[in-house]
Amino acid sequence: MQQPQAGAGDRVRTGNPALPRYSALRTRIVTAVAAPEAPSSTDTFQQQYRLPNNTSVKVEVQNPTGDEQLITVSTDRQGRILLHWGVEGGENYKGGWRLPGDSVRPADTANYKNRALQTPFVTENGDGQQVVRIHLAGGEASDYLNFVLKDETTRNWYDLNGSNFHIPLRPELQQQRQPGSDDQGESDSENTVAPLLPLDRIPQLPQELCGIWAYIKWEAAGCPHRSKEEADREYETAIKELTTLLRRSVPMEELWRVARGEIKYQNYMKQAGHLLREAGAAGAAKQASILPSLPQELINIQAYILWEQAGKPDGADFGGAAKRALEGRLRAGASVSDLEKELKAPAPAPAPAAAPHQQQAAAPAPAKARPPAQPVVGKSLGMRSRNPLDLIHRVSDAPLMKDAKPAKDTPLTPLLRAARSNENTVWDRLYSVGEDSELLVTVEQADRRNKDSPVTVRITSTLPEPPVLHWGVRRAGRNDDWVKPSDGILPYGSTVEGIAADSPFSSCKDKDIDGYKGSWDQPLSRVTLQLPNGHGLTSLIFVLKNEDGSSWWKDGSGNFTVPLPGAKREKKGKGAAAGFDDDLSRTIVDCEVNTGAWTLMHRCNKAADLLGDVLAERFENVEDALVRIYVWMRYSAIRQLTWQRNYNTQPRILGSAQDRLTHKIAEVYARTSGDAQEWARNLLTTVGRGGNAQAVRDEILNVMHRNKLPEKKGTWMEEWHQKLHNNTTPDDVPICEAYLAFLEGNGDRGAYWRVLSEAGISRQRLESFDRPIVTEPEFFPDKKDALIRDLNNYLNILKSTHSGADLQFSASAAARFVPDTAKGYLGYVLSHSNDPQILPLIEAAVEARTDLNPILRNNRELLYLDLALENVVRAAAERGAVQSGAAAAAFVAPLLQNLALSAGDNEEICYCLKAWNDLPDYVRRGQRPNKDDAMKAMSVIDRIHRALAEVSEHVFNNVDPVARSFGEAFGADSWAVNLFAEEVIRGGPAFAVSLVLRSVEPEIRKAAELGAWQIISPANTVGRVVVVPNLHGIQDKVYEEPTVLLAKRVTGEEEVPVGAVGLLSGDAPDVLSHLSVRARNMKVLFAACHDAAALEEVERLAGKYVSFETTAQGDVNFEEVDPSQVASHKNSENGAGSRPANLKMKIPRQAAGHRWCGKWVVSMDEYAHDVVGAKSRNLAALRGKLPDWISLPASVTVPLGAFEEVLKQGANRDLQRQLEEVVRGVTPANAHEKLKVARDLVMEVAVPKDLQDSLKWDMAAAGIPVPQASDRWKAAMSALKAVWASKYNERAYYSTRKVGINFEDVRMAVLTQRVVPAQYAFVIHTTNPSTGDSSEIYCELVKGLGEAIVSGTVPGASLGFVASKDDLDNPRVVMYPSKSEGMFVRESLIFRSDSNGEDLEGYAGAGLYESVTMDATERKKVDYGSDRIMQDMEFRRKLMSEICKAGMAIENTLGGAQDVEGVVGPDNVITIVQSRPQM
């Protein structure tokens, strides 16, 4: 990349910082005035340029020889002037700016960010001229000198028409005319420029081009750190520049070539810069005449604002500045109407300032800043077209990606491998000590099953000379203080002084060490500690020293700590570290709780060490390890851990530690994938980037000296200076911001305390520093502007050290890595981060992130920029979500893409994004949809909600347990512990999506004519409200009084507990799920609520008696009632939800009293009552009675009682006895464990050969493919046994027990069929189950297997539709599919449960038992939006109609309402796989 011009290099604003965004602050164009002086010889070249205020800069180049160049740059401008320079050409020149070597650099030259050199001008002759002399020769001789000037006094930069001064250094190049010089010999082409076209004659500027142009101008300026206001102004400058070029008839394609990098911006401006100059006063007047007229009223309002912002100076006239600012807005594309809305909008009442803890002294009246414009949606930039599924992160199976080259062995790695292969090794660690030596510590326990068995600690070193172990121990029950080792564990030759022992290492050879096969020259030495039974020690603590004590080796800056097994560990006080089972947590807590000297620097170094251990795979679970380190570092970031204890850290050392840690985090990010990678990225948010933190210490003194502030004890500035000098911390960023707010408010102490309070810094915290800040800040009216300028620059230095994800600094640091495709979007973000238009800002930030995402690995600067852009998105969404209402729908797509870029496991988020993008465009823009499109949108929103819940639960389940255990050990504030996980979630990108959906969903739900409630089982009921986290955990609970359960989580697999008369939840399982069917069968109210406010209202009634009524409109009305109404309602409703009367399960008896028909397998011709269940009998009854277009599968059945007969076979007698014993012992308290044992026993049953042969014969006779390979047949028998085993599942146990059935009376027939290849599966209820309306048929359809509907294991809605039985050609959709997954299986067999309980009157046994495929079913993500069922309306209508007609035909054939399951084949043929009476 060519070195950019640096004219904006460290630009600092002049004048009042509150000047408006569009005012011109700086003159930087120099113009020609006179011919250059004639050269004194043919070897001399001179060039002179005019600077503001009648000053100039002059360059003289002499060429004594062909490879020697004497350069003199002089100026008559006074003050401290810097030459900011570089060259083009020279030896090994590779393009861009080259920085000459040290040998040719003038005195006091400084390297500026490796991009330029800065040399101060010096006065030589007392003639007012300041000079810089440069001598280039040999390989340093160059083609061109590039430079700009920087006035250190005023912080102004001087350049050439927005580009660099470009001086030819070789005679052959000096013959060319130099643009911008005082040369009268300009060509006609530059004196004669095309006239300015009217604005309406030029093409509209693409926003992408504007963003890129702003970015490359900033890049050409050296990527300086800028305020948001400066970035905004420079974006407008870019627009003005592009507009002028277009008006000069420059083709748009030519500008795009510059934007794409085909022409370097600097080179282009050398050739076209003259086009930007106005053609005299007439040209300026013509341009002004094109702008619309500005009402004087607007100019007056803007002038008043400028006057206020400038501190209300007496006699000042801001009319001209106001007019120029507003004209700038008009040129940038704003209309007069836009300006009127902005300037005349009423200002909101200011928020009350956070008062300090005591009355403040009087201060000058603050200057009032105008509030920012109200956020609006804004005009879309347009997201690039892409398949969202291409954004899916491909997660590696391995927790850590291996390096391309395996790590080389070191002297002790063979020993480490040997230790890890030893089953008795309970802990090991390999440390680096000294420059190139190592230390290996291993801990072995004689018997790992006996926690009190002896322990051996071996410590091996490769230091050149055997060291001395200086050590102590920690003992359980002694608050983990360091105590003296007992004599019995001291190695030979040890000495004891005080509480520490010194034990020498002994030299040893390779052959002396078991398992060592190294061949290195480094000497080995070792010391071994033997700990007896019941040693009572929790850890070994040590450092190393040499024999005379002149050298010491530590673990970083602290002690080595080795955890010891066997001792009873405490969990309170200083012994908190011992309360953790994992070594990582013990190490972290031990450092925080038990280390005497501990600071942020120590913490960063230890975290870097532990991340090194993660990379070395010393922790089994990489994700868990990263979560623990993240929680630890976040506790530090939120000030719950000390940043300074008994140790002062110089900024330089802290910066180095932060730099080391952040680069290590970037390495971890590069080596991980999936969720582990996400936690590595999150880690960067907890620490500043570090680097050159010495500037923190040095520059504060420069600020004080430049502004003549005395280093006087008892003043605020001196107290802060001492704090910075002693121990800078991240607190210094908000302290600086608070003081700036104080200065900008003309000494407003309320502003000072408000900024500190918002950052969580109280007066007590300021006073708690080792160098406390106890006084109030002082206001210096005469120094205000200079201090603001200097402290804004100083704030950048602080942020560069402590604030890693600061947008402007991150963009500067990462500039050389940013791909060209991202520059336009990044340029827009940098220039519009304060803009009230939310949508284009979010889109630009997300598109920039998308371009950065593939190149983030192992690049810390890009990772920080990525985090900064994510912060921009979140902040913009939070600003715009509530204000935008339904129009916030436009934010959903970019916010989902933003979340997909951040999430480790982002597959479901990408599917949600695709589903949203498949919606009609007008819906995605937030316009009110029609009912059908609104229903589609609601299905997508439902899917998004579930995806967000999964993200939230994943974060919470990982973070909360660690945060609570660490928080207790650290002694963190209770609020910080309790809110820790929630704040992590709220600070993540998923929260922004959730926030926007809250604004969008009500309007879409209203358009879909969906109320807050979805009634699954209608009933009116009265009961006591009880709130439970989930329904699964209370399956055997018996409520003694009528109870309405509010369950936070419901899947659809559960049973309704005894005594429950109502069930409410925010989850909505399938209408045909087991739970839904059971609730309707029991006449229990079951309703899902989609309105969080309504659910919260019910939750507030917990413990009270409430009446619930369902309405014909689909709502649920409720009110608190007197307890006496519960009993009367119970009597009138016959006790719905109470324990039903005992039912009788008939056990089949055939063949002379035997409970078995005498055949292992029966064909469809032999299906009869007491032989097979209702599924098999109904299929047989349908044969030949359905229309030809309805297919039935070939079937055979293993009959009722066959399983019990199998158990009697000799090979299974022992299993039969074990099973009977287990079943007799089942109680509600042990059902989970006992029933699992029972199922496992069934899976061990040997299937008789006769049964297998019969099954094969009958399957072949029926046309069912028989698996030929032995492993395939074995899989079939395993599936058969799994159906038998489902007799002992928990759901069936609780269900039968509730109705008084002995679950051992269940007999299980197994219906065997070929799995019909299907694109869709469906379930039909020929009486509408939600309303009980027998004149309507209700159906649900999904992609894949029907198990996704009935099992309750796949959350989300199916495609639901109803049809009137007298109008089956016109079914209507009642819900569109929102399921994230479908269930699929290869060409296979299916074994369906067909028990004697599934059709028992009064007992909804359907769905209790398993249907099992021979091959495992696979859950796959499904994309409904692209499926024909959603895309082709006529295809959908016709298919739904045929399914409804099939249901009607089955009901007519079998007589009575039916529960039907079927599939739609690839050829759209409908096949009915089972039917049973609808319960």
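As the structure is a computational prediction, the values presented were derived from the model and not from experiment.

K.L.:
Provide a residue-level description of the overall build of the chain, including the pertinent values.
P.N.:
The number of helices and strands found in the chain is 46 helices and 46 strands. Of all 1479 residues assigned to the chain, the portion counted as buried reaches 56%. Once local pairs closer than 6 in sequence are excluded, the contacts in the chain between residues at least 24 apart make up 71%.

K.L.:
Go over the packing of aromatic side chains with me, naming the residues and quoting the values.
P.N.:
Each aromatic ring pair is summarised here by two numbers: the centre-to-centre distance and the angle between the ring planes. Summed over the entire model, instances satisfying the criterion amount to 22 aromatic pairs. Geometrically, the ring pair formed by Trp720 and Tyr794 is edge-to-face, given 5.9 Å between the ring centres and 80° between the ring planes. Here Trp720, found in helix H18 (residues 716-727), pairs with Tyr794, found in helix H22 (residues 784-802); they are 74 residues apart in sequence, far enough to count as distant. Take Trp720: its relative accessible area is 0%, and that puts it in the buried class. Plain terms: the ring middles of Tyr739 and Phe742 are 5.6 Å apart, the flat faces sit at 20° to each other, and that makes the pair stacked. Here the residue Tyr739 and the residue Phe742 both occupy positions in helix H19 (residues 732-744), the gap between them amounting to 3 residues, near one helical turn. Neither Tyr739 nor Phe742 differs from the other in exposure class; each is buried. Clustering of aromatic rings is evident, with ring pairs tying together Trp716, Trp720, Tyr739, Phe742, Tyr752, Trp753, Phe779 and Tyr794.

K.L.:
Any chance you could break down the nonpolar core for me, citing the residues and the numbers?
P.N.:
Trp213 and Trp632 are the most contacted members of the largest nonpolar core, which has 203 residues in total. No other element matches helix H30 (residues 931-970), which puts 16 residues into this core. Ignoring sequence-local partners within four residues, the contact set of Trp632 consists of Ile588, Glu592, Trp598, Arg603, Lys606, Ala607, Leu610, Leu641, Phe966 and Phe970. Ranked by size, the runner-up nonpolar core spans 49 residues in total, among them Phe1203, Ala1282, Tyr1293 and Tyr1294.

K.L.:
Quick one: what's the story with the pairing of strand E8 (residues 130-137), residue by residue and with numbers?
P.N.:
Here 8 bridges tie strand E3 (residues 68-75) to E8, and the two strands are oriented antiparallel to one another. Bridged to Leu70 within E8 is His135. Of the pairings in the sheet, the one linking strand E7 (residues 122-123) to E8 comprises 2 bridges and is antiparallel in character. Counted as the bridge partner of Thr123 is Gln130 from E8. What sits between E7 and E8 in their antiparallel hairpin is a turn of 6 residues, with Gly126 showing a positive phi close to 70°.

K.L.:
Can you tell me about the pattern of salt bridges, naming the residues and giving the values?
P.N.:
For the coordinates displayed, the defined rule picks out 82 salt bridges. Between Asp732 and Lys723 there is a salt bridge, and its shortest N-O distance comes to 3.0 Å. Like Asp732, the residue Lys723 is buried in the burial classification. Measuring nitrogen to oxygen at the nearest pair gives 2.6 Å for the salt bridge that ties Arg928 to Glu1003. With Arg928 in the loop between helix H29 (921-924) and H30 and Glu1003 in helix H33 (residues 989-1007), this pair connects stretches of sequence that are 75 residues apart. On the accessibility criterion, Glu1003 (30% relative accessible area) is partly exposed. Each of Glu253, Arg257, Arg260 and Glu262 takes part in one network of salt bridges that share partners.

K.L.:
Give a description of the packing of helix H23 (residues 807-814) against helix H26 (residues 860-884) that names residues and reports values.
P.N.:
Look at H23 against H26: their axes get within 8 Å of each other, and the N-to-C directions meet at 150°. As summarised for this structure, H23 and H26 are arranged roughly antiparallel, according to the angle between their axes. Handedness of the H23/H26 crossing: left-handed. Across the interface between the two elements, Leu807, Ser810, Ala811, Ala813 and Ala814 of H23 pack against Glu861, Leu862, Tyr864, Leu865, Ala868, Leu869 and Val872 of H26. Broken down by class, the residue content of the contact of H23 with H26 amounts to 10 nonpolar, 1 polar and 1 charged.

K.L.:
Just give me the short version of the sheet that holds strand E34 (residues 1190-1191), but keep the residues and values in it.
P.N.:
Reading across the sheet, the 7 strands line up as E34-E46-E45-E37-E38-E39-E40 and stay open at both edges, with mixed pairing between neighbours. Edge positions in the sheet fall to E34 and strand E40 (1372-1375), since each has one partner strand and no second. The pairing of strand E37 (residues 1320-1325) with strand E45 (residues 1458-1464) spans 6 bridges and is antiparallel. Bridge pairing links Val1323 to Glu1461 in E45. Relative to strand E38 (residues 1336-1343), helix H46 (residues 1433-1454) is tilted by about 125°, and along the sheet it contacts E34, E37, E38, strand E39 (1359-1364), E40, E45 and strand E46 (1470-1477).

K.L.:
How would you explain the side chain of Thr55 if you had to name every residue and give the values?
P.N.:
Within the secondary structure layout, Thr55 lies in strand E2 (residues 55-62). A polar atom in the side chain of Thr55 sits 3.0 Å from the side chain of Arg77. The residues contacting Thr55, other than those within four sequence positions of it, are Tyr49, Arg50, Asp76 and Arg77.

K.L.:
An account of the packing of helix H40 (residues 1231-1243) against helix H42 (residues 1270-1285) is needed here, citing residue identities and associated values.
P.N.:
For the pair H40 and H42, interaxial distance at closest approach is 9 Å and the crossing angle is 150°. Along this stretch, H40 crosses H42, giving a crossing that reads as right-handed. Mapping the contact onto sequence places Arg1239, Val1242 and Met1243 in H40 and Ser1278, Lys1281, Ala1282, Trp1284 and Ala1285 in H42. Here the contact of H40 with H42 is composed, by residue class, of 5 nonpolar, 1 polar and 2 charged.

K.L.:
So what's going on with the confidence of the model for the chain? Residues and values would help.
P.N.:
In this model, the chain carries an average pLDDT of 82, and 84% of its residues clear a pLDDT of 70 or more. pLDDT under 50 marks residues 279-290. Its contacts with residues more than four places away, or in other chains, come to 13 contacts. In the predicted structure, residues 569-574 sits below a pLDDT of 50 and forms 23 contacts with residues beyond four places in sequence or in another chain.

K.L.:
I'd like a description of helix H12 (residues 583-594), backed by residues and values.
P.N.:
Here H12 spans 15 Å end to end across 12 residues, near enough to the 16 Å set by a 1.5 Å rise per residue. Burial within H12 is extensive, with 11 of its 12 residues counted as buried. The set of residues buried in H12 consists of Asp583, Leu584, Ser585, Arg586, Thr587, Ile588, Val589, Asp590, Cys591, Glu592 and Asn594.

K.L.:
Explain helix H34 (residues 1074-1081) residue by residue, including any values.
P.N.:
H34 sits mainly inside the fold: 7 of its 8 residues count as buried. For H34, the full list of buried residues reads His1074, Leu1075, Ser1076, Val1077, Arg1078, Ala1079 and Arg1080. Its buried side turned inward, H34 meets strand E26 (1013-1017), strand E29 (1058-1065), strand E30 (1085-1089), helix H43 (1290-1298), E37 and helix H44 (1347-1350). Just beyond H34, the residue with positive phi is Lys1083, at close to 60°.

K.L.:
Explain unusual backbone geometry residue by residue, including any values.
P.N.:
Residues other than glycine seldom take positive phi values, yet Glu1009 does so here, at roughly 60°. Despite not being glycine, Asn1468 shows a phi value in the positive range, around 70°. Relative to the elements of secondary structure, Asn1468 occurs in the loop between E45 and E46.

K.L.:
Describe the sheet that holds strand E20 (residues 524-531), listing the residues and the values that go with them.
P.N.:
What the 5 strands build is an open sheet, ordered E12-E13-E14-E20-E19; its pairing is antiparallel. Sheet topology places strand E12 (425-433) and strand E19 (506-508) at the edges, where each strand pairs with a single neighbour. Sheet twist, expressed as the average angle between the axes of neighbouring strands with direction ignored, equals 25°. Examined bridge by bridge, strand E14 (residues 455-461) and E20 share 7 bridges and lie antiparallel to one another. Its bridge partner lying in E20, Val457 is registered against Leu529.

K.L.:
Can you lay out the environment of Gly880 for me, pointing to particular residues and giving the numbers?
P.N.:
Note on placement: Gly880 falls in helix H26. Measuring from C-alpha to C-alpha, the distance between Gly880 and Val376 comes to 6.6 Å, with 504 residues separating the pair along the chain. Those residues in contact with Gly880, other than ones at most four positions away along the chain, are Pro375, Ile838 and Phe891.

K.L.:
Give a description of the pairing of strand E4 (residues 81-88) that names residues and reports values.
P.N.:
Of all 8 residues that make up E4, 8 are buried, and the element is covered over most of its length. The side-chain alternation of E4 yields two buried faces, one formed by Ile81, Leu83, Trp85 and Val87 and the other by Leu82, His84, Gly86 and Glu88. As paired strands, E4 and strand E9 (residues 144-151) are joined by 8 bridges and run antiparallel to one another. Bridge pairing in E9 links Val87 to Leu145. Relative to strand E6 (residues 116-120), E4 runs antiparallel, the two sharing 4 bridges. Bridge pairing in E6 places His84 opposite Gln118.

Cut-off values and rules
- Residues numbered from 1 in each chain as written.
- Predicted model: local features only at pLDDT ≥ 70, side-chain atom pairs only at ≥ 80, totals over all residues.
- Heavy atoms only, no water.
- Helix = DSSP H or I, 4+ residues; strand = E, 2+ residues; numbered from the N terminus.
- Buried < 20%, exposed > 50% of the residue type's maximum accessible area, 1.4 Å probe, protein only.
- Contact = heavy atoms within 4.5 Å.
- Phe/Tyr/Trp six-rings, centres within 6.5 Å; stacked < 30°, edge-to-face > 60°.
- Core = buried A, V, L, I, M, F, W, Y, C linked by side-chain atoms within 4.5 Å.
- Pairing = 2+ DSSP bridges.
- Salt bridge = Lys/Arg side-chain N within 4 Å of Asp/Glu carboxyl O.
- Axes fitted to C-alpha atoms, helices over the stretch in contact; angles between N-to-C directions.
- Parallel < 35°, antiparallel > 145°, perpendicular 65-115°, else oblique.
- Left-handed = near helix turned anticlockwise from the far one by under 90°.
- Nonpolar A, V, L, I, M, F, W, Y, C, P; charged D, E, K, R; others polar.
- Polar contact = N/O pair within 3.5 Å; in protein donor to acceptor, adjacent residues only side chain to side chain.
- pLDDT = per-residue confidence, 0-100.
- Expected span 1.5 Å × (residues − 1).

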